[in-house]
Amino acid sequence: MQEIKKFIENVTAQFENLTFKHRYLISRELRQLETLDDSDKLIEKELYISEKLEEFKAFFEDRKNNLPKITYDENLPVALRKDEIIKTIKENQVVIIAGETGSGKTTQIPKMCLEAGLGIKGFIGHTQPRRIAARAVAQRISDELQESLGKSVGYKVRFTDVTENTSYIKLMTDGILLAETANDRLLLNYDCIIIDEAHIVTTWGKQFRPDYWYLGDHIRKLRKQQLKTKGRSFVIGTFTATAIYHGVEDMYTETINSLHMLSPITYLGYVKRGDIEIVINRQHKDKGVRTEYELDKFEEIEAILHRAIITNKKTLIYFPTVALINRCYEYLRAKREIERVAIYHGSLSKDAKQENYEKFLAKEKLLMLATKAFGMGIDINDIEIVAHFAPTGNVCDYVQEIGRAARREDLHGEALYSYNSRDFKHINRLHGLSTIQKYQLVKVIEKVVELYHQNMHNGNRRDFTKKRNAMLLDAENFTYIFGSPISDEDSNVNKVKTALLLIQKDFESKIGFSPITVRPIPMFSVGFFAIEPGVQQ
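Attention in this report is confined to the structure presented alongside it. A quick note: this is a predicted structure, and the numbers were derived from the prediction, not measured.

Description of the overall build of the protein
- Helix and strand counts for the protein come out as 18 helices and 14 strands.
- Within the protein, buried positions represent 48% of all 537 residues.
- As displayed, the protein has an accessible area near 28,600 Å², and 52% of this comes from carbon and sulfur atoms.

Brief notes about the pattern of salt bridges
- The final tally for this structure, using the stated rule, is 23 salt bridges.
- For the salt bridge of Lys87 with Glu91, the shortest nitrogen-to-oxygen distance reads 3.0 Å. Taken together, the positions of Lys87 and Glu91, both in helix H4 (residues 82-91) and four residues apart, correspond to about one turn of that helix.
- Residue Asp506 is joined to Lys510 by a salt bridge in which the shortest nitrogen-to-oxygen separation is 3.4 Å.

Some thoughts on the pairing of strand E14 (residues 413-419)
- Counting buried positions along E14 gives six out of seven residues, so the element sits mostly inside the fold.
- As paired strands, strand E9 (residues 276-282) and E14 are joined by seven bridges and run parallel to one another. Opposite Asn281, over in E14, you have Ser418 as the bridge partner.
- Between the parallel elements strand E13 (residues 383-388) and E14, the chain passes through helix H14 (residues 395-402) in a crossover that is right-handed.

Quick word on the sheet that holds strand E10 (residues 314-318)
- Sheet architecture is open: six strands sit in the order E9-E14-E13-E10-E12-E11, paired in parallel fashion. Either end of the sheet is taken by a strand with one partner, and the two such strands are E9 and strand E11 (341-344). Across the sheet, the mean angle from the axis of one strand to that of its neighbour is 20 degrees, orientation sign disregarded.
- Inspection of the sheet shows E13 paired to E14 by four bridges, in the parallel sense. Across the sheet, the residue bridging to Ile385 is Glu414, located in E14.
- Running over the sheet, H14 touches E9, E10, E13 and E14 and is turned about 150 degrees from E13.

So, unusual backbone geometry
- With phi around 60 degrees, Asn312 is a residue other than glycine that occupies positive phi space.
- With respect to the helices and strands, Asn312 occurs in the loop between helix H11 (293-311) and E10.
- Of note, the phi angle at Arg336 is positive, near 60 degrees, even though the residue is not glycine.
- Here Arg336 is to be found in the loop between helix H12 (322-334) and E11.

Details of the side chain of Lys365
- With respect to the element layout, Lys365 can be found in the loop between helix H13 (350-361) and strand E12 (367-370).
- For Lys365, which is buried and forms no salt bridge, the nearest opposite charge comes from Glu364, at a distance of 7.2 Å.
- Side-chain polar atoms of Lys365 contact the backbone oxygen of Glu339, separated by 3.0 Å.
- When sequence neighbours within four positions are dropped, the list of residues in contact with Lys365 reads Ile338, Glu339, Arg340, Val341, Ala342, Lys359 and Phe360.

A word on helix H5 (residues 105-115)
- Most of H5 sits out of view: ten of its eleven residues are buried.
- Immediately downstream of H5, the backbone of Gly117 shows phi near 100 degrees, a positive value.

A few points about a negative patch on the surface
- Where like charges cluster on the molecular surface, the negative patch consists of Asp37, Asp38, Asp40 and Glu44.
- Within the fold, Asp40 resides in helix H3 (residues 39-65).

Let's talk about the packing of H4 against H5
- Across the interface, H4 lies against H5 with an axial gap of 9 Å and an inter-helix angle of 60 degrees. In terms of orientation, H4 lies oblique with respect to H5. Here the hand of the crossing between H4 and H5 comes out right-handed. Contacts between H4 and H5 involve Lys82, Ile85, Ile86, Ile89 and Lys90 from the first element and Ile109, Met112, Cys113 and Glu115 from the second.
- Residues belonging to the contact of H4 with H5 are distributed by class as follows: six nonpolar, no polar and three charged.

Examining the packing of aromatic side chains
- Evaluated as defined, the whole model comprises eight aromatic pairs.
- Between the aromatic rings of Phe123 and Tyr190, the centroid separation amounts to 5.9 Å while the plane-to-plane angle is 55 degrees, which identifies the pairing as tilted. Of this pair, Phe123 sits in strand E2 (residues 123-128) while Tyr190 sits in strand E6 (residues 190-195), and the two are 67 residues apart along the sequence. For the residue pair Phe123 and Tyr190, the accessibility class agrees, reading buried in each case.
- On the numbers, 5.2 Å between centres and 75 degrees between planes, the contact of Tyr344 with Phe374 is edge-to-face. Of the two residues, Tyr344 sits in strand E11 while Phe374 sits in the loop between E12 and E13, which places them 30 residues apart along the sequence. Side by side, Tyr344 and Phe374 carry an identical accessibility label, which is buried.
- An aromatic cluster of at least three residues, connected via ring pairs, comprises Tyr293, Phe298, Phe319, Tyr331 and Phe389.
- In this structure, Lys297 is placed above the aromatic ring of Phe389, and the distance from its NZ or CZ to the ring centre is 5.7 Å.
- Sitting above the plane of the Phe360 ring, Lys314 keeps its charged end 5.3 Å from the centroid.

A look at the sheet that holds strand E3 (residues 153-157)
- Pairing in this open sheet of eight strands is mixed, and the strands run E4-E3-E5-E2-E6-E7-E1-E8 from one edge to the other. Two strands bound the open sheet, and with one partner strand each, they are strand E4 (160-162) and strand E8 (265-267). The average angle at which neighbouring strand axes cross in this sheet is 20 degrees, direction not considered.
- Pairing analysis gives three bridges linking strand E1 (residues 94-98) to E8, with the strands arranged parallel. In the sheet register, Ile96 faces E8, and the bridge partner there is Thr266.
- Where H5 meets the sheet, it contacts E1, E2, strand E5 (169-173), E6 and strand E7 (235-240), and its direction lies at approximately 165 degrees from that of E2.

Conventions adopted
Throughout this document, residue positions are counted from 1 along each chain, in the order its sequence is written. This being a predicted model, a pLDDT of at least 70 is required before a residue's local features are given, and a value of 80 or more before pairs of side-chain atoms are given or counted; all residues contribute to the totals for chains, interfaces and linings. For the side-chain quantities, the full set of heavy atoms in the structure was used; hydrogens and water were omitted. Helix and strand assignments come from DSSP, with helices taken as H or I runs of at least 4 residues and strands as E runs of at least 2, each series counted from the N terminus. Exposure classes here rest on a 1.4 Å probe applied to the protein chains alone. A residue is buried below 20% of its type maximum, exposed above 50%, and partly exposed in between. Reported accessibility uses the Shrake-Rupley method at a 1.4 Å probe radius. Residues are deemed covered only where the shown protein chains occlude them. By salt bridge we mean one thing: a side-chain nitrogen of Lys or Arg within 4 Å of a carboxyl oxygen of Asp or Glu. Here, a strand pair is defined by DSSP locating no fewer than two bridges between the strands. Viewed with both strands pointing away, a crossover whose connecting path from the first strand over the helix to the second turns clockwise is right-handed. Angles shown run from 0 to 180 degrees and are taken between the N-to-C directions of axes, each axis being a line fitted to C-alpha atoms and, for helices, limited to the stretch in contact. We call two residues contacting when some pair of their heavy atoms lies within 4.5 Å. Under the counting rule used here, the positive set is Lys and Arg, the negative set is Asp and Glu, and His together with the chain ends is not counted. In protein, a polar contact requires one atom able to donate a hydrogen and another able to accept it; more generally it is a pair of N or O atoms within 3.5 Å, and residues adjacent in sequence count only if both atoms are side-chain atoms. Here a patch means residues that are over 30% exposed by relative accessible area and free of salt bridges, tied together within 9 Å if like-charged and within 5 Å if nonpolar (Val, Leu, Ile, Met, Phe, Trp, Tyr). Just so you know, the charge point we use is NZ for Lys, CZ for Arg, CG for Asp and CD for Glu. The labels follow the angle: roughly parallel below 35 degrees, roughly antiparallel above 145, roughly perpendicular from 65 to 115, and oblique for the rest. Crossing handedness: left-handed means the near helix sits turned counterclockwise from the far one by under a right angle, and right-handed means the same turn made clockwise. Residue type decides the class: Asp, Glu, Lys and Arg count as charged, Ala, Val, Leu, Ile, Met, Phe, Trp, Tyr, Cys and Pro as nonpolar, and the leftover types, Gly among them, as polar. Stacked, tilted and edge-to-face pairs are distinguished by plane angle, under 30 degrees for stacked and over 60 for edge-to-face with tilted covering the rest, among Phe, Tyr and Trp rings (Trp via its six-membered ring) whose centres lie within 6.5 Å. In this analysis the charged atom, NZ for Lys or CZ for Arg, is taken to sit over a ring once it is within 6 Å of the ring centre and within 35 degrees of the ring normal.

This is how it looks when you write it as structure tokens:
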């Protein structure tokens, strides 16, 4: 036993030269070693562990010795603070970096993490809210490192994995990160987690995509487990250009609370952009001249298109709804003016989005008609004009959207908006449709109570929970509460998630615990496949 103990001590002393994943694999073999009584099997296991240890050490040395040559775009504001940021990352577990849109957070910070010594013991995980953004950012960082995509920098989205064991930086959607916890609960494949567009973990983001609400609780659980297995936690970096600092909509504090951050170091940027001119026009028509709201707006967009073609300026126009984009596009089609026009919104197919994005990027199309689906994580640095058919959200959204202009140092951007008092009917309607009403929260709680009484008294329970007074419910039990003539099933399910999470958080803030716990299915269940014997053979 003394020899086994010495062997284990010698092996674990070399863990600093292994990745986190390989440490776990060797630890598992060492635990099995302690259970063996047969001397031959003991020697065989020690030899196997020794071979694996040398293999894993060689892999680690290769990662250390093949780091890419790191360069920065000195034209980007965040690059000017790189020494300070790298020092802060080395000295702190959690870092919040807030800077204006276009300051270089998304593309430069991962390289700073790499220079700070992260990325060797595991990937630098870098989440993006959209698949197209994950791929575009990975390509951009690869280009800056003068490497092919998939070598030092890769990306993973649904159905596509362009990463190698040699990769250091891995771009992905939040859904991929959550899905990976099914097989890698401790996220041993990662040395660092970067959460880009961090405002998505605030109330605004949770209503946009409720699954973000689970991220903080999952991070807290991982921290606790990794402190046991690794002896330390992991670094969390969050970046956003759209975090309101204190006040009524305090996204800054809500981000910290939502991700359970402990005394984070914070960098705050500035909203004001000296290279963007905001132009707001208020149209006045002479008395007696007929006005037609939508047609007038389409004529203004036609004029913007003509200007874009004459000046060769890439122009982005935001719309509050998909229906308005489609009608504007048909208006321009009737005028035979869609040759230089692209569209982008969530309802388009993946291929159509990619095609329109690439044509706009290459300047084959000069005008992009888009909802706010075009923006988060998408980095096109030569847009010169950003216009709005009508507001798509609050001032915070507006600042984020006009920040797409003039991301290149030699450009001067314009933010155009023709004010009409009827513009706000769109945002008021959208806000009314997306807001969870108080009566709906009451109905959700009433439904929970009703189902609880049914389950407790029918004596024929089928929810298979460990505790007798516990109950397992599916979101679809509540979708009827949020149904409307124009809503779809996915939208209703998202509203159910948001409502349940609001109720959970309210209980926790008022009485310290919640009788309702909301979790995504992948974190809460085990899946099985039934395969016919013939297929198995």
